[in-house]
Structure formats: structure tokens, C-alpha cells
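Examination of the molecular architecture
Below, each chain spelled out in residue letters.
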Amino acid sequence: MKITLTKQPKQKPDFSKLGFGKYFTDHMLVMDYKDGAWGEPEIVPFEPFEMSPASNVLHYAQGIFEGAKAYKNEKGEITVFRIDDNFIRMNNSATRLCMPTFDAKVVKDALFELLKIEKDWIPTAKGTALYIRPTMIANQPVLGVHASHVYKFFIILSPVGSYYANGLEPTKILVEEKYVRAAIGGTGEAKCMGNYACSLIGGEIANQKGYDQCLWLDAAEHKYVEEVGSMNMFFVIDGVVITPALVGSILPGITRNSCIQVLKKYGYKVEERRISMDEVYDAYKSGKLNESFGSGTAAVISPVGTIGYHGEDMLINNGEMGPITKFLYDKITGIQNRVEPDEFNWVTKVN
Ligand SMILES: *Cc1c(COP(=O)(O)O)cnc(C)c1O
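Our subject in this report is the structure included herewith. Values in this document were obtained by computation on a predicted structure and should not be read as measured data.

With that settled, consider the packing of aromatic side chains. Across all of its chains, the model carries 16 aromatic pairs by this definition. Consider the rings of tyrosine 33 and tryptophan 38, whose centres lie 5.1 Å apart with planes at 70 degrees: the pair is edge-to-face. Here tyrosine 33 matches tryptophan 38 in class, with each residue buried. Over the ring of phenylalanine 49 we find lysine 152; its NZ or CZ atom is 5.1 Å from the centre of that ring. Sitting above the plane of the phenylalanine 344 ring, lysine 265 keeps its charged end 5.2 Å from the centroid.

Dropping the structure here:
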């Protein structure tokens, strides 16, 4: 693989004040597709690319991405969590968006080289990681509406702290009843750029009303819970953990799947099914809504303290993180940080 190292390494940020996605490492991975085939991946300095203002991604949003994390322990050992699942999902997203799939093994090997080069950028403190952002964009300079014949794949890396400014503080979410994120048959289950553009408005409305995020409902009836737009949703009702089934409009989160596997192994009752907001509200009214949380790579597990619905705030578990939420957070971050045994074979060593 061709590797071009930077001549001007950047000053590293203060690792105790990283925030999320604000700093980028010195290098990135790039791989170009043309004439019906992917070229070799290359490692190059992190810098702007040139692209035509007519490039199709800029007009028709033919673009997909992924999010994963790499970790480093005190001994300098670098690991990644369920990275193969990210590349499988990215190839599924590519197929949905009429983009070419790639050889996941080639890309994974190249990513591991990049991680070794950027090892000093991987923070080690609890709650921190090196965020991995694989991206693929259509890059042919034509305005006709059809699938591009030219693509660029790249991976950039960002040292991150906790996703939300308040860390593990329970979040306040507002049920969005007017707009929708995704319909069955649409692109909701692909990790594509357009899904984010169309869902920004829900977040803005929620923020204006004093909530952190919005909770999306199904497109057909505005009745059933979908997800939070960057996190999958879970409710604990009368001791049973319930999460919306993957019906096509919901992103199949890897953290969601990890939660389900951990819960089942540890004897919790888990249901993947449709769950209406009315069911959640009734459970709340009868005192059976024990806990709620979101799951996603960025925040891992995020407790939900308040859900705003029909002008009423449902306060869940007194606005505090519940025991099942805490168990999952500790278990999954424990496996990621290698302080818990890797019972599910989720961790891969890079060096
Ligand atoms: C990425 C993402 C998630 C979380 O998926 P993970 O694989 O757990 O990170 C949830 N919802 C949406 C819309 C996403 O894009």
C-alpha cells in the first residue's frame, strides 16, 4: 500500500477536553473507484480534496458513511469493536444507494495500517476513543440524475470524548409528531447522508423547546416508535426490555444488537417488536415504565430521563439512569475497554 506521511504533524489537542468530532488526525485513507473497479487504498496526509462543483454527491446526496471506534490501553495495545459489522452494513448501504461495494478485508487491513500510524492520537482515558468515520461519495461531475460511475471512499479519524456535553446525564427527548425521518421502502435502514439532512429539523424543534433530541415515529401512522436519529431506542416496561423491530425504516445499530445479545445472555427478557407511543404512555401512567435509553457508537448507551409527548413530560426513573441501563453501559464499555472479558468475540487487536 502506498503511504505518504505528512511533513507537518499537527499539535495534538488537550485529550481531557475533546468533545465530539472536532479534531482530526494527521492522515486519512483514500480509495477511488472508476472504470468499474476500486483502486488500491492509500494513506495520505489529512487535507482538503479537490472536487468539481458538479460532483453528484453535492447535488443528489449519493453518499454513505459509518461510525466505529478504536481504543488503546495503557500498554499501547490498539483494538477495534465489531468493525466487520460496520463494513458489512456499509456495503448494504452502498447497494441501497446504487453505489459499488468494496472488499471489506482490503479496507480493514488498510484501516489497521492507518490506526498504527495514528497510534499517538488514540486517547486512553475512560470514555474516550478514536472515532473512525468511513465515508463513500459519488464523485462524477455530471448533473444528469443517475448513479455515478466515479466514487471516492475515505476514512478520517477523530479523537473523541463523550458525545453529549453532559456525558452520562439522562437526556430529554421530545416526540416529533409532524415530521418523519424515514418510511418503509425508503432509505431509513441505510446509513446515508440524506437521512441526516431530513432529520435535522426535528432536532432543531426539540432544542428550541428545551429538549436534547427528538424521537421519531413511523411515517404511516405517526404512532409507533422508530429511533432517535443517531441512536436506537429501548424501553424497560414492567421488567421487559423492548426495542422497535427492524422493519426497514430503522437503522440496524450495532450497539443495539450488542445490547440485545448482552441482555439475552444475562437472562433479561427482550422483545423486538412494534411499540406505540400510547403503550409507552400507558406504561408511564401505570408506573410500569421503569427505564428508557438510546444506543449508538458515539454515546454507547445514553439514559433517557424525560420524554415529552402531547405537551406532557414523562419523567422516567426520577430522571436518573436505571439499573438495566447502567448494567449495559458498564458491560459494553467494559468489553470495549478490555476490562471485561470479550465473551462475544467483539474485539479485534490491531497491533
Ligand atoms: C449510526 C446510527 C445509529 C447507531 O448505530 P450504531 O451501529 O450502534 O452506531 C442509529 N441510528 C441512526 C440513524 C444511525 O445513523
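This next bit is on the pattern of salt bridges. All chains considered together, the criterion is met by 19 salt bridges. Between glutamate 227 and arginine 181 there is a salt bridge whose closest N-O contact spans 3.1 Å. Residue glutamate 227 is located in the loop between strand 11 (213–216) and strand 12 (232–237), and its partner arginine 181 is located in the loop between strand 10 (171–176) and helix 4 (193–208); the two are separated by 46 residues in the primary sequence. Taken as a pair, glutamate 227 and arginine 181 share a single burial class, namely buried. Through salt bridges with shared partners, one network takes in Lys265, Lys331, Glu340 and Glu343.

Let's shift gears to the packing of helix 2 (residues 83–96) against helix 3 (residues 104–117). The N-to-C vectors of helix 2 and helix 3 enclose an angle of 130 degrees; their axes lie 10 Å apart at closest approach. The angle between helix 2 and helix 3 falls in the class oblique. In this structure, helix 2 meets helix 3 at a crossing whose hand is right-handed. Mapping the contact onto sequence places Ile83, Asp84 and Phe87 in helix 2 and Ala104, Val107, Lys108 and Leu111 in helix 3. By residue class, the composition of the contact of helix 2 with helix 3 is five nonpolar, no polar and two charged.

The next subject is the pairing of strand 4 (residues 42–45). Here strand 1 (residues 2–3) pairs with strand 4 via two bridges, running parallel. The residue bridging lysine 2 from the neighbouring strand is glutamate 42, located in strand 4. Of the pairings in the sheet, the one linking strand 2 (residues 27–34) to strand 4 comprises four bridges and is antiparallel in character. Each residue of the ladder has a partner; that of histidine 27, found in strand 4, is proline 45.

Glancing now at unusual backbone geometry. A positive phi is found at alanine 61, a non-glycine position, where the angle reads about 60 degrees. Residues other than glycine seldom take positive phi values, yet arginine 82 does so here, at roughly 50 degrees. In this structure, arginine 82 sits in the loop between strand 7 (78–81) and helix 2.

Along the chain, phenylalanine 15 turns up in the loop between strand 1 and strand 2. Considering only alpha carbons, one finds phenylalanine 15 and isoleucine 122, 107 residues apart in sequence, at a separation of 9.2 Å. Beyond its immediate stretch of four places on either side in the chain, phenylalanine 15 contacts Asp120, Trp121, Ile122, Pro123, Thr128 and Pro159.

This part is about the packing of helix 5 (residues 254–265) against helix 7 (residues 323–336). Axis separation between helix 5 and helix 7 bottoms out at 10 Å; the angle between their running directions is 105 degrees. The orientation of helix 5 relative to helix 7 falls into the category roughly perpendicular. Note on element contacts: helix 7 touches helix 5 through Ile324, Phe327, Leu328, Lys331 and Ile332, opposite Ser258, Cys259, Val262 and Leu263. Of the residues assigned to the contact of helix 5 with helix 7, the class counts are seven nonpolar, one polar and one charged.

It is worth spelling out the environment of tyrosine 196 at this point. Mapped onto the elements, tyrosine 196 comes out in helix 4. When the C-alpha positions of tyrosine 196 and arginine 181 are compared, they lie 8.3 Å apart, and in sequence the two are 15 residues distant. Excluding residues that lie within four positions of it along the chain, tyrosine 196 makes contacts with Phe65, Lys191, Gly229 and Ser230.

Bringing the site of the ligand into the picture now. Lining the immediate surroundings of the ligand are 15 residues, of which Lys191, Tyr196, Glu227, Thr255 and Thr297 lie closest. For the ligand, an oxygen atom lies 2.8 Å from a polar atom in the side chain of arginine 89. Here isoleucine 254 contributes a backbone N or O atom positioned 2.7 Å from an oxygen atom of the ligand. Calculation on the ligand without its partners gives an accessible area of 380 Å², and the protein chains cover 97% of this total. In the shell around the ligand, the residues fall into four nonpolar, seven polar and four charged.

Among the residues making up helix 6 (residues 277–285), those that are buried are Met277, Val280 and Ala283. Seen from one end, helix 6 has its buried residues packed into an arc of 125 degrees, which puts them on one side. Buried-residue contacts for helix 6 involve strand 10, strand 11, strand 12, strand 15 (289–296), strand 16 (300–309) and strand 17 (312–315). After helix 6 finishes, the residue glycine 287 shows a positive phi value of roughly 75 degrees.

Our next topic: the pairing of strand 15. Across the eight residues of strand 15, seven count as buried, placing the element largely inside the fold. Two strands pair when backbone bridges link them, and strand 12 and strand 15 are joined in this way by six bridges, in the antiparallel orientation. The residue of strand 15 that forms the bridge with asparagine 232 is serine 295. Sheet topology note: the strand 15/strand 16 ladder contains four bridges and is antiparallel. Bridge assignment links serine 295 to a residue of strand 16, and that residue is isoleucine 301. Counting the residues in the hairpin turn of strand 15 and strand 16 gives three residues.

Reading the values: rules and limits
Residues numbered from 1 in each chain as written. Predicted model: local features only at pLDDT ≥ 70, side-chain atom pairs only at ≥ 80, totals over all residues. Heavy atoms only, no water. Phe/Tyr/Trp six-rings, centres within 6.5 Å; stacked < 30°, edge-to-face > 60°. Buried < 20%, exposed > 50% of the residue type's maximum accessible area, 1.4 Å probe, protein only. Lys NZ or Arg CZ within 6 Å of the ring centre and 35° of its normal. Salt bridge = Lys/Arg side-chain N within 4 Å of Asp/Glu carboxyl O. Helix = DSSP H or I, 4+ residues; strand = E, 2+ residues; numbered from the N terminus. Axes fitted to C-alpha atoms, helices over the stretch in contact; angles between N-to-C directions. Parallel < 35°, antiparallel > 145°, perpendicular 65-115°, else oblique. Left-handed = near helix turned anticlockwise from the far one by under 90°. Contact = heavy atoms within 4.5 Å. Nonpolar A, V, L, I, M, F, W, Y, C, P; charged D, E, K, R; others polar. Pairing = 2+ DSSP bridges. Near = heavy atom within 4 Å. Polar contact = N/O pair within 3.5 Å; in protein donor to acceptor, adjacent residues only side chain to side chain. Areas by Shrake-Rupley, 256 points an atom, 1.4 Å probe, with all protein chains shown as cover. Arc of directions from axis to C-beta.

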